[in-house]
Each structure stands twice: as structure tokens, then as C-alpha cells.
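This is what each chain is made of:
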Amino acid sequence: MKREPLEARIDWALNFCREKGMRRTHALRQILRVLFKLDRPIGWANLAREPALADSCDPSSIFRILVKLEEIGLVRRVGSPERSYYFMLNLPGEHHEHIICRECGKIENLAMECPVEKLEKKVTAKTGYGDVYHELDFFGVCPDCQTSA
Ligand SMILES: [Zn+2]
Ligand SMILES: [Zn+2]
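Our subject in this report is the structure included herewith. (Residues numbered from 1 in each chain as written. Chains lettered and ligands numbered in written order. Predicted model: local features only at pLDDT ≥ 70, side-chain atom pairs only at ≥ 80, totals over all residues. Heavy atoms only, no water.)

### What about the sheet that holds strand β4 (residues 98-101)?
Rules: At least two bridges found by DSSP between two strands is the condition for calling them paired. Secondary structure is summarised from DSSP: a helix means a run of H or I of at least four residues, a strand means a run of E of at least two, and numbering begins at the N terminus for each. Interaxial angles span 0 to 180 degrees and are taken between N-to-C directions of axes, which are lines fitted to C-alpha atoms, for helices over the stretch in contact.
Across the sheet, 3 strands lie side by side as β5-β4-β6; this open sheet has mixed pairing. Here the strands that pair on one side only, and so sit at the sheet edges, are β5 (107-109) and β6 (137-140). Taking each pair of neighbouring strands and ignoring which way they run, the sheet shows an average axis angle of 25°. Here β4 runs beside β6; their pairing, made up of 4 bridges, is parallel. Its bridge partner lying in β6, I100 is registered against F139.

### A short note on the pattern of salt bridges
Operational definition: Between Lys or Arg on one side and Asp or Glu on the other, a salt bridge is scored when a side-chain nitrogen of the former is within 4 Å of a carboxyl oxygen of the latter. Partly exposed describes any residue whose relative accessible area lies between the buried limit of under 20% and the exposed limit of over 50%, with all areas from a 1.4 Å probe on protein chains only and scaled to the type maximum.
Under the definition given, this model contains 7 salt bridges. Here E70 ties to R77 by a salt bridge, and the two come within 2.9 Å at their closest N and O atoms. The class for R77 is partly exposed, based on a relative accessible area of 28%. The shortest N-O distance in the salt bridge between D144 and K106 comes to 3.7 Å. Separated by 38 residues along the polypeptide, D144 in helix α7 (residues 143-148) and K106 in the loop between β4 and β5 bring together distant segments of the chain. Owing to a relative accessible area of 28%, K106 belongs among the partly exposed residues under this scheme. Three or more residues are tied together by salt bridges with common partners; here these are R76, E135 and D137.

### Details of the coordination of the zinc ion (ligand 2)
Rules: Donor atoms (N, O, S) are those found within 2.8 Å of the metal centre, with the cutoff raised to 3.2 Å for Na, K and Ca; water is not part of the atom list, so apparent gaps in a site can occur.
Here the zinc ion (ligand 2) is held by the protein donor atoms H95 (NE2), E97 (OE), E97 (OE), C114 (SG) and H134 (NE2), which lie 2.0 to 2.8 Å from it. Here the donor residues of the zinc ion (ligand 2) share one chain and are spaced in sequence as H-x1-E-x16-C-x19-H. Note that C114 is positioned in the loop between β5 and α6 (117-127) and H134 in the loop between α6 and β6, a separation of 20 residues in sequence. Accessibility classification places C114 together with H134 in one group, the buried group.

### Observations concerning helix α5 (residues 59-71)
Put simply, the rule is: An expected span of 1.5 Å times one less than the residue number is assigned to each helix. Directions are taken from the helix axis to each C-beta atom, and the arc is the one they span. Contacts were defined at the residue level, with two residues in contact if any of their heavy atoms lie within 4.5 Å.
In a regular helix each residue adds 1.5 Å, so 13 residues correspond to 18 Å; α5 covers 18 Å between its end C-alpha atoms and thus fits that length. Of the positions making up α5, those classed as buried are S61, I62, I65, L66 and L69. Taken around the axis of α5, the buried residues stretch over an arc of 145°, which confines them to a single face. In α5, the exposed positions that point more than 90 degrees away from the buried face belong to R64 and E71. Tucked inside the fold, the buried residues of α5 contact α1 (6-19), α2 (26-38), α3 (44-49), α4 (51-54), β2 (75-78) and β3 (86-89). Downstream of α5 by one or two residues, G73 has phi in the positive range, about 90°.

### Points about α1
With 14 residues, α1 should reach 20 Å at 1.5 Å per residue; the first-to-last C-alpha distance of 20 Å fits that figure. R9, I10, A13, L14, F16 and C17 are the residues of α1 that are buried. Here the buried residues of α1 occupy an arc of 160° about the axis, which is enough to place them on one side. After α1 finishes, the residue G21 shows a positive phi value of roughly 90°.

### Remarks on the packing of α1 against α2
Our working rule: To sort the angles, those under 35 degrees are grouped as roughly parallel, those over 145 as roughly antiparallel, those from 65 to 115 as roughly perpendicular, and the leftovers as oblique. Here is the rule for handedness: rotate from the far helix to the near one, and if that takes an anticlockwise turn smaller than a right angle the crossing is left-handed, while a clockwise turn gives right-handed. Under the scheme applied, nonpolar residues are Ala, Val, Leu, Ile, Met, Phe, Trp, Tyr, Cys and Pro; charged residues are Asp, Glu, Lys and Arg; polar residues are all the others, including Gly.
Two elements in contact, α1 and α2, have axes separated by 10 Å at closest approach and are oriented at 130°. If you check the angle between α1 and α2, you find them oblique. Taken as a pair, α1 and α2 cross one another with a handedness that is right-handed. Note on element contacts: α2 touches α1 through L28, R29, L32, R33, F36 and K37, opposite L6, E7, R9, I10, D11, A13, L14 and C17. When the residues that make up the contact of α1 with α2 are grouped by side-chain class, the tally is 8 nonpolar, no polar and 6 charged.

So, in C-alpha cells, the structure goes:
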């Protein structure tokens, strides 16, 4: 998916949701808007505190919508199992590698070229699978947690 203006990206996502049987609610639109704007993984609690959502949507319906978005494949969950999960958009042809702090659970996009794109093509060629994708997360201890240790 090309980098289109925010509104076009949100419309595309809303249409995708409707095709998958989701209702186009105000909450759904706002959640998508925040996720597209942020363009990085965010925890459910932090998402619920976003100004765009805090006033109009209650946290439990936000969580229900996130789970539904995950079911239809538009959102994926990242994070270490013992920490709270982060949610992020999962868009066709668009992905980031992540680095995840084992101490505080923070997740950041890696500002790097994808290191395994060639490998992905090889896997496609070798296995004959279609729609091949990968998820690649790195784990470590973030600079903040290193200084507070
Ligand atoms: Zn940390
Ligand atoms: Zn990659």
C-alpha cells in the first residue's frame, strides 16, 4: 500500500472492515485514525487514553474492536507474553521490524531497511506459497532501562 493521505488510508481501512462484516462505528473510525497517525505499536491502555478516544469511547469497547481488527487481519499484536501487548496496523506490503524492551515492554519501529526481504522472496520461490510475509521482532533492554538499573 502506497503512502496515501491519512483520510484515504482511513477510508481504505474502513472499507476493508466493512467487507469483513464490521460495523462502521465512531469508535472504529477513531481507533483507525489514531493507529494510522501514530504509525507505531501502542498499548491498549495508552490507546484508550488518546484524546481522540478518551472522551467518546470506553476502554472495553476499544479492546473489543482491537480484537476484532486482529481477527480480520488489519491489526496485529506484538510484545513479549509476560508484558502487556501492543497493537499495530498490519497493512499489505507495509511493515516495520521492531525492537522490544524486555524491562519496560516498550516497542519501537526499527528505522532500517527490512533485512530479510530477499529471504522472503527465496522462501516464496522455494515453497510455492503465496502471500508470504514475515514478522521479525528484536528484543533487548532500552537505553532508559539501562540507566535506571
Ligand atoms: Zn525499557
Ligand atoms: Zn521485514
